[in-house]
Amino acid sequence: MKQFFLFIFLIASTMTTTAQIPENAEAICPILVGQQIPEVNLLNLNNQSVELMDLVKEKPTVLVVYRGGWCPFCSTHLAALNEVEKDIQLLGYQLIAISPDEVVDLISPDTDEQVSYRLFSDPQSQFIKQIGVAFKTPETLSGYIASKNPQGRISEVMPVPTLLVINTQGEVEFTYINPNYKQRISGALLLAVLNSLKK
């Protein structure tokens with residue numbers, strides 16, 4: 001299960017500059033199993049800076065990267081993961097989620113779904129760029145995002161929805177990365193993966 005990928009990318013991921021950001025989701029070059037996550041600062045819901053590695057050192061981590069509170073598919077997935085969070089914790093993992101949205105926009109005001117795990121903002125999109133899952137925000141989506149986030153900015157890049165399982169040393173043990181934003185890993189499959197990694 002450690003080598004499970006929805007898509008296999010043969011080119012190793014590299015640090016991504018703005019000039020290198022792909023035009024579309026299918027062209028990304030994401031982080032691979034065995035690689036180290038970058039050291040970046042995130043913002044928590046209180047707008048306080050938090051070092052990602054400090055979070056990961058606490059315990060093995062299921063890290064979800066989502067497009068934003070404006071995305072209904074993301075809201076549905078976050079809620080579905082919330083339903084299995086206790087099972088994730090019983091297996092010894094913590095669950096956190098990261099979006100390039102500003103803190104105020106991490107959860108959509110139009111949804112009733114609530115999450116009990118921690119959400120963080122990647123305000124300059126540094127994390128999603130450095131793990132190779134960023135691509136340029138399509139112009140066709142900008143108006144929709146603006147209508148959902150009237151007070152916030154529209155990020156120039158967005159992530160391909162991503163789920164990483166990371167050990168306390170910051171090494172990636174599993175990835176699920178799908179350019180089709182409508183397809184997300186189910187809670188049942190995630191729990192099966194975590195059970196396999198524990199063996």
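All of the points below concern the structure found in this document. (Residues numbered from 1 in each chain as written. Predicted model: local features only at pLDDT ≥ 70, side-chain atom pairs only at ≥ 80, totals over all residues. Heavy atoms only, no water.)

## Description of the packing of aromatic side chains
The geometry of an aromatic ring pair comes down to the distance between the two centres and the angle between the two planes.
Here is step 1: Overall, the coordinates contain 2 aromatic pairs when judged by the stated rule.
Here is step 2: On the basis of an interplanar angle of 80° and a centroid distance of 6.2 Å, the ring pair of W70 and Y144 is categorised as edge-to-face. Of this pair, W70 sits in the loop between β3 (61–65) and α2 (72–83) while Y144 sits in helix α5 (residues 139–148), placing them 74 residues apart in sequence.
Here is step 3: Owing to a relative accessible area of 5%, W70 belongs among the buried residues under this scheme.
Here is step 4: Seen in terms of ring centroids, F73 and Y181 are 5.4 Å apart; in terms of plane orientation they differ by 75°. Their pairing is edge-to-face. Here F73, found in helix α2, pairs with Y181, found in the loop between β9 (172–177) and α6 (187–198); they are 108 residues apart in sequence, far enough to count as distant.
Here is step 5: The residue whose ring lies beneath R67 is Y181, and the NZ or CZ to ring-centre distance is 4.1 Å. (Phe/Tyr/Trp six-rings, centres within 6.5 Å; stacked < 30°, edge-to-face > 60°. Helix = DSSP H or I, 4+ residues; strand = E, 2+ residues; numbered from the N terminus. Buried < 20%, exposed > 50% of the residue type's maximum accessible area, 1.4 Å probe, protein only. Lys NZ or Arg CZ within 6 Å of the ring centre and 35° of its normal.)

## With respect to the side chain of E85
Here is step 1: Take E85: it is sitting in helix α3 (residues 85–90).
Here is step 2: No salt bridge is formed by the buried E85. Its closest oppositely charged neighbour is R118, at 7.8 Å.
Here is step 3: Among the polar contacts listed, one links the side chain of E85 to the side chain of S116, at a separation of 2.4 Å.
Here is step 4: Beyond its immediate stretch of four places on either side in the chain, E85 contacts L95, S116 and Y117. (Lys, Arg positive; Asp, Glu negative; His and termini not counted. Salt bridge = Lys/Arg side-chain N within 4 Å of Asp/Glu carboxyl O. Polar contact = N/O pair within 3.5 Å; in protein donor to acceptor, adjacent residues only side chain to side chain. Contact = heavy atoms within 4.5 Å.)

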